[in-house]
Amino acid sequence: AVCRPAECCGRTDTFDEVPHEDLVGRWVSARGKMHVIGAGVIHWGTGGSTTLSQRGRRGNSDTEYYTDFGDRRYSASLSSEGQLVWTDGDVWTRAPDLH
């Protein structure tokens, strides 16, 4: 964890560098690009990679995932349908297994 509540001036947010393992795998964006999420990283279908982190509230199932790409921070949440919904309007769906 990057930040613990006691170290954050009483805030209840917790920060973890490595997102939940349920995100690991191949994802397809609404624009049809394939991206791969690994342990704490997004490998972009357009090339390159960025760090993927998560932030959540203690005792709350709401978790926000975020990455810095260029000079912007993008965040996403996992919908009840299992999609990653990004703040820029993009929606990623888990890619089907190849087997």
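Before any of the text, the structure's been laid out above.
J.: Report on the pairing of strand β10 (residues 91-94), specifying residues and quantitative values.
T.: Consecutive residues of a regular strand have side chains that alternate between opposite faces of the sheet. Strand direction decides the pairing type here: strand β2 (residues 25-29) and β10, joined by three bridges, are antiparallel. Within the sheet, the bridge partner assigned to Ser 29 lies in β10 and is Trp 92. In the sheet, strand β9 (residues 84-86) pairs with β10 via two bridges, with the strands oriented antiparallel. Along β10, the bridge assignment pairs Val 85 with Val 91. Hairpin connection from β9 to β10: four residues lie between these consecutive antiparallel strands, with Gly 89 at a positive phi of about 95°.

J.: Can you tell me about the pattern of salt bridges, naming the residues and giving the values?
T.: The full count for this structure, using the stated rule, is three salt bridges. In this structure, Asp 90 and Arg 31 form a salt bridge, with 2.9 Å as the shortest nitrogen-oxygen distance. Here Arg 31 lies in the loop between β2 and β3 (34-38) and Asp 90 lies in the loop between β9 and β10, a separation of 59 residues in the sequence. Residue classification places Arg 31 among the exposed residues on the basis of a relative accessible area of 58%. Of the charged contacts, one joins Arg 73 and Asp 68 as a salt bridge, the two residues approaching to 2.8 Å between their closest N and O atoms. A residue is classified by how much of its surface remains accessible, and Asp 68, at 41% relative accessible area, is partly exposed.

Thresholds, definitions, all that
Residues numbered from 1 in each chain as written. Predicted model: local features only at pLDDT ≥ 70, side-chain atom pairs only at ≥ 80, totals over all residues. Heavy atoms only, no water. Pairing = 2+ DSSP bridges. Helix = DSSP H or I, 4+ residues; strand = E, 2+ residues; numbered from the N terminus. Salt bridge = Lys/Arg side-chain N within 4 Å of Asp/Glu carboxyl O. Buried < 20%, exposed > 50% of the residue type's maximum accessible area, 1.4 Å probe, protein only.

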